[in-house]
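These are the residues of each chain, in order.
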Amino acid sequence: MSASITVFLIAVPMALGLSLAVGAPLEAGLVAAAVGGIVAGLFGGAPLQVSGPSAGLTVVTAELIQIYGWRTTCAITIGAGLLQILLGTLRVARNALAVSPAIVHGTLAGIGVAIALAQLHIMLGGSPQSSVVANALALPGQLAVIGGSAPLIGALTIAVVLLWPRLPGRVGRAARRIPAALASVVIATAVAAVAAPGLARVDLPSWRSHAFPELPHGPVLALATAVFTVMLVAGLESLLAAVAVDRLAADRAGEPVKPSSPASGSAAAVPPQRSDPDRELRGQGVANTLSGLLGGLPVAGGVVRGAANVRAGATGRASSVLHGVWVLLAATLLVTVFEWIPLAALAALVMVVGVQMVSFAHIRNVHRHREFPVYAATVAGVIGFGALAGVALGVAVAVVVSLRRLGRTKITVRQQDGRHVVTVHGQLTFLSVPRLTRALGQLPPGADATVELDGSFMDHAAYEAIQAWRGAQIAQGGSVAFTGRSGGSIALAGRSNGGALTGRSGGVAAPTVAATHSCCRPWTPWRNHHCHDRPTRPTHTTSTTSAISTTSLTETVTFTPGSAPDSARPESAHRLRSGLTSFQRNTAPLVRDELARLASEGQSPSQLFITCADSRLVTSMITASGPGDLFTVRNVGNLVPPPHALPTDSPPTGTPPTDAPATPTAPATGDDSVAAAIEYAVEVLRVESITVCGHSGCGAMQALLRGEPEAGPDRPRTPLWRWLRHGMPSLERMASRRHSWARISARLPADEVEQLCLTNVVQQLEHLRAHEAVARRLAEGTLQLHGMYFHVGEAQAYLLTEGAGSGAGHDEVFDRVGTEGPEPAAARPTTCSTAHPATCTTG
């Protein structure tokens, strides 16, 4: 209730101001606010988002009204709503979020500039022109004839909007509960009533004369373009606002959005209400269709209203719906009150909104990612030619920038130790082939050469050019070696679609370019690694009375102990022998010297890597590590039992003990296997870091969410569930309101399984800190802990933000690991934990 009132007090002046800005009937903004709140609130997929008149559509709507008139503009709004419903049904909403942020922010910034210039004319007592350029050119003349009380009322409104959130002291804290937008309009209205009674004010016509849509008239292509433009801008603004509101809800201090506590004994925690982009797009479509039918402005979700809703304590869609009800009541009962509001105050309020759409934080972020040309082109396009043309121009510039980066390859030639060294910095594509062949042509025929490839991609054109040159050099008595950026030899694996740069920096690799194509090549990228004949694995099911039914992590298998079919053994033996033969033939000759060195010197790994036993997780592949690099512990669910873990036959906390006696073979102590590995790695091997790695689709997390099968005298707790009890704290952490939700940067977890996988990594890091050896090394500052999440299907790694989960209040965010490595430490602020002063980190 309180959140709905807060949003209502913001929405009413904004609705009137946006109606004034586009030249629509003032009551059209109130219609859009009521429909957006009630309809989009009920049917949308973002429970905490509040929809209403769109600031991002101001320029588009104003242009449509000038060209087609208000009633045809309502029909265009209906068409845009129907198109949104169609696209939401086709589930394409997530694809819309793939648009470059530079284009989106540039579009909003250009629209913000247009809004600010138009409303500045109204605030100064004049009338806006038909375009942004015309408004800018007419501004000096408007300033020359400035006069009257309208500019003063506008300046007062701006001052109150900017200073109200900064009021100091106890009185200021109490006053800040009133939204700044409402306070500015109320104060400006009161001052104008006393000092400027003749000032132009809001004029709400009778609802009996309210205009409704008509059948559109005009060129079909132009009308279709208008419908598409309204749909695109409104849809993008709503989806981006939904993502922003979700982040605000997750980060809300004191009461993060959490699931309710799971029922005792069983099942999984319920995830918080997060946005469904496709449902949100459909809900916005229904709201736009109804708003157009009722003669209202186009509707979209807004960050300002949504942020106010979250900060006011909203927990669901009820506040948005109630806010729409209050707007509807106010539009029918408070008409006389609205007519006291000066037009200059509304213009000043909307002008502030327009200026705030040009975010300097976004500009800095875009500049840091070298996307400023795209941003600037989009802004210029929106200002000069309109929203749709600006988006198209931004996309075109983004394509040009991407092609330029792809083709900007630096190639140098030098002599070193009697060899010619060709260094290639960047990606090798067909765009760089002319420069590549020119550089290679400078080398004398038959000379010894080394080619340093400092890049990660080579297309087929570049591959063929290098192959042709290499063949000619060797034919004339020369030798050619290929190395990576660190000097290690690499191999170019021939493929029909290009060459793949392979080999590990500084490691051992095939010394020359492979001239033949093969499915399996040693030390080439891991793909389709089963080159030998792989017989189909049969499914065996027995149903005898002595069979035991065991629920595994991912499937249900029925088997009889000791009765594995004989036909399965030859297949298993064949697969094992074939794999060993392949290793002895292809890989052993390459690694024999390295393994001999490790055998004589002993192991000295730098990392302890704790991960899941899942067969899809290949640790050496995803970490680009080799023999001697990782001390690896694998178990079901990458769990780290705390040192005070209960005996394995004890029930988990909160679960009543069963009456079944413990089996004679059950151990009577806690799980010491993982603890022993931790102690050995930390105390004996003196590793420098410990990484806990979870992964997508983890069967252990799925089992935890499903809940433990009921145990009893006839069905004792299985070894699997005696082990999985160490994952119960992760399930409890996800359901707790005391912890922030672990999440992936720039996107939400796909489902509750992924959410638990992320939370489990953070929880196991806490268990690690409880081990005496780890705590001592952390206090000395000689050990680091890392959290990692690997998405199997996307082959994408994520690293937990440094310092997260340490008890210092850091966000538990997993950042995507890109191809260019992590952000330099100098670019990140330094943070220290008061609880762990020795663990000062950057992050």
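Residues numbered from 1 in each chain as written. Predicted model: local features only at pLDDT ≥ 70, side-chain atom pairs only at ≥ 80, totals over all residues. Heavy atoms only, no water.

**A word on the overall build of the chain**
Inclusion rule: Numbering of helices and strands starts at the N terminus; helices are DSSP runs of H or I of at least 4 residues and strands are runs of E of at least 2. Think of it in three bands: with a 1.4 Å probe and only protein chains considered, a residue is buried below 20% of the maximum accessible area for its type, exposed above 50%, and partly exposed in between. Throughout, a residue-residue contact means that at least one pair of heavy atoms, one from each residue, lies within 4.5 Å. Methods summary: accessible areas were calculated by the Shrake-Rupley approach with a probe of 1.4 Å, and residue burial reflects only the protein chains presented.
Per the secondary structure count, the chain includes 29 helices and 19 strands. Buried positions account for 45% of the 843 residues belonging to the chain. A sequence separation of at least 24 residues applies to 73% of the contacts in the chain between residues at least 6 apart. Summed over its atoms, the accessible surface of the chain is roughly 40400 Å², and 60% of this surface lies on carbon and sulfur atoms.

**Considerations on the environment of Thr332**
What counts is decided by this rule: Under the rule applied, a polar contact is a pair of N or O atoms within 3.5 Å (in protein, one hydrogen donor and one hydrogen acceptor; residues adjacent in sequence only if both atoms are side-chain atoms).
Note that Thr332 resides in helix 14 (residues 318-333). Residue classification places Thr332 among the partly exposed residues on the basis of a relative accessible area of 49%. For the pair Thr332 and Ser206, spaced 126 residues apart in sequence, the C-alpha to C-alpha distance is 10.0 Å. A distance of 2.9 Å separates the side chain of Thr332 from the backbone oxygen of Leu329, its partner in a polar contact.

**Brief notes about the nonpolar core**
For clarity, the threshold we go by: The criterion is simple. A nonpolar core is a set of buried Ala, Val, Leu, Ile, Met, Phe, Trp, Tyr and Cys residues joined through side-chain atoms within 4.5 Å.
Among the nonpolar cores identified, the biggest contains 64 residues, and Leu16, Ile76, Met123 and Phe338 are the most heavily contacted of them. The residues touching Leu16, leaving out its near neighbours within four places in the chain, are Leu26, Leu30, Leu204, Phe338, Ile341 and Leu346. Of all hydrophobic cores here, the second largest spans 47 residues; its members include Ile610, Val633, Val640 and Ala700.

**A word on the pattern of salt bridges**
Going by this rule: Salt bridge criterion: a side-chain nitrogen from Lys or Arg within 4 Å of a carboxyl oxygen from Asp or Glu.
With the rule as written, the count across this model stands at 10 salt bridges. With a shortest N-O distance of 2.8 Å, Glu766 and Arg733 are connected by a salt bridge. Here Arg733 lies in helix 27 (residues 728-735) and Glu766 lies in helix 28 (residues 752-769), a separation of 33 residues in the sequence. Judged by relative accessible area, Arg733 falls into the buried class, the value being 5%. Within this structure, Glu594, Arg597 and Glu601 form a network of salt bridges that share partners.

**A closer look at the sheet that holds strand 5 (residues 449-454)**
Put simply, the test is: Paired strands, in this sense, are two strands between which DSSP finds at least two bridges. Orientation is described by axes fitted as lines to C-alpha atoms, over the contacting stretch for helices, and by angles from 0 to 180 degrees between their N-to-C directions.
The 4 strands are arranged 3-4-5-6 in an open sheet whose pairing can be described as mixed. Strand pairing shows two members of the sheet lacking a second neighbour, strand 3 (410-416) and strand 6 (480-483), which therefore form its edges. Across the sheet, the axes of successive neighbouring strands diverge by a mean angle of 20°, strand direction being ignored. Note: strand 4 (residues 419-425) against strand 5, 6 bridges, orientation parallel. Within strand 5, the position partnered with His420 by the bridge is Ala449. Packing against the sheet, helix 21 (residues 460-475) makes contact with strand 5 and strand 6, and its axis sits at approximately 140° to strand 6.

**Comments concerning the sheet that holds strand 11 (residues 607-612)**
Hydrogen bonding along the main chain pairs the strands of a sheet, whether they run parallel or antiparallel. Here 7 strands make up an open sheet; going across it, the order is 12-11-13-15-16-17-14 and the pairing mixed. In the strand order of this sheet, the two ends are held by strand 12 (630-635) and strand 14 (743-744), each with one partner. When strand 11 meets strand 13 (residues 689-695), the two strands line up parallel, connected through 5 bridges. The residue bridging Gln607 from the neighbouring strand is Ser689, located in strand 13. Most of the contacts of helix 24 (residues 673-684) go to strand 12, to which it runs at about 170°, and overall it touches strand 11, strand 12 and strand 13. Strands in contact with helix 28 are strand 11, strand 13, strand 14, strand 15 (784-791), strand 16 (796-800) and strand 17 (813-816); relative to strand 15, the strand with the most contacts, it is inclined by about 160°.

**Looking at helix 28**
Helical geometry: 3.6 residues make up each α-helical turn, so side chains three or four residues apart lie on a common side. The cut-off we apply is this: A helix is expected to span 1.5 Å multiplied by its residue count minus one.
With 18 residues, helix 28 extends 26 Å from end C-alpha to end C-alpha; this agrees with the ideal 26 Å at 1.5 Å per step. Of all 18 residues in helix 28, 16 are buried; the element is thus mostly enclosed. N-capping of helix 28 is provided by Asp751, with a side-chain oxygen placed 3.2 Å from the backbone N of Val753.

**Topic: a nonpolar patch on the surface**
Which entries qualify depends on this criterion: In this analysis, a patch consists of residues with relative accessible area above 30% that form no salt bridge, clustered at 9 Å for like charges and at 5 Å for the nonpolar side chains Val, Leu, Ile, Met, Phe, Trp and Tyr.
Nonpolar side chains collect at one region of the surface, where Val395, Val399, Leu403, Leu406, Phe430 and Leu431 lie side by side and expose about 500 Å² of accessible area between them. With respect to the element layout, Leu406 can be found in helix 19 (residues 387-407). Its relative accessible area of 34% is what places Leu406 among the partly exposed residues.

**Re the pairing of strand 5**
Which entries qualify depends on this criterion: Orient the strands so they point away from the viewer; a crossover is then right-handed if the path from the first strand over the helix to the second runs clockwise.
For the crossover that starts at strand 4, traverses helix 20 (residues 433-441) and ends in the parallel strand 5, the hand is right-handed. Bridge count for strand 5 against strand 6 is 4 bridges, and the pairing is parallel. Note that in strand 6 the partner of Thr450 across the bridge is Ala481.

**Examining the packing of aromatic side chains**
Filter applied, for reference: Here a Phe, Tyr or Trp ring, Trp counted by its six-membered ring, pairs with any other such ring whose centre lies within 6.5 Å, and the pair is stacked when the planes are under 30 degrees apart, edge-to-face when over 60, and tilted otherwise.
Tallied over the full model, the rule gives 3 aromatic pairs. Measuring from centroid to centroid gives 5.8 Å for Phe631 and Tyr680, while their planes differ by 40°, and the two rings are tilted. Of this pair, Phe631 sits in strand 12 while Tyr680 sits in helix 24, and the two are 49 residues apart along the sequence. When its relative accessible area of 17% is taken as the criterion, Phe631 is described as buried. Overall, Tyr680 belongs to the partly exposed group, its relative accessible area being 37%. Between Tyr789 and Tyr798, the ring centres sit 6.2 Å apart and the planes meet at 40°, which makes this aromatic pair tilted. Judged by its relative accessible area of 0%, Tyr789 is buried.

**Concerning helix 3 (residues 58-68)**
Across the 11 residues that make up helix 3, a large majority, 8, are buried. Of the residues one or two after helix 3, Gly69 is the one with positive phi, at around 90°.

**Describing the state of the cysteines**
Heads up, the rule is: Throughout, a disulfide means two cysteine sulfur atoms within 2.5 Å of one another.
Summed over the entire model, instances satisfying the criterion amount to 0 disulfides. Just so you know, Cys693 is unpaired, no disulfide at all, and the nearest cysteine sulfur is the one on Cys612, 9.0 Å from it.

**A closer look at unusual backbone geometry**
With a phi angle near 60°, Arg91 is a residue other than glycine that sits in the positive phi range. Residue placement: Arg91 occurs in the loop between helix 4 (70-89) and helix 5 (93-96). The exposure class assigned to Arg91 is exposed, which follows from its relative accessible area of 56%. One non-glycine residue, Arg686, lies in the positive phi region at around 55°. Mapped onto the secondary structure, Arg686 falls in the loop between helix 24 and strand 13.

**Focus: the confidence of the model for the chain**
Note the cut-off: Scored from 0 to 100, pLDDT records how confident the predictor is in each individual residue.
In the predicted model, the chain carries a mean pLDDT of 77, and the fraction of residues at 70 or more is 78%. Ranking the helices and strands of the chain by mean pLDDT puts strand 13 first, with 95, and strand 9 (residues 548-551) last, with 30. Confidence drops under a pLDDT of 50 for residues 493-528, and excluding neighbours within four residues, the segment shows 78 contacts in the predicted structure. Overall, residues 822-843 carries pLDDT values under 50, and its contacts beyond four positions in sequence, including any with other chains, amount to 28 contacts.

**Regarding the pairing of strand 16**
Along any regular strand, the residues point their side chains to alternate faces of the sheet. The buried count for strand 16 comes to 4 of 5 residues, which makes it a mostly enclosed element. Alignment of strand 15 against strand 16, held across 4 bridges, turns out to be antiparallel. Bridging from a neighbouring strand, His791 pairs with Gln796 of strand 16. If you look at the hairpin formed by strand 15 and strand 16, you'll find 4 residues sitting between the two strands, and Ala795 has a positive phi there, around 50°. With 3 bridges connecting them, strand 16 and strand 17 associate as antiparallel partners. Paired with Leu800 across the strands is Phe814, a residue of strand 17.

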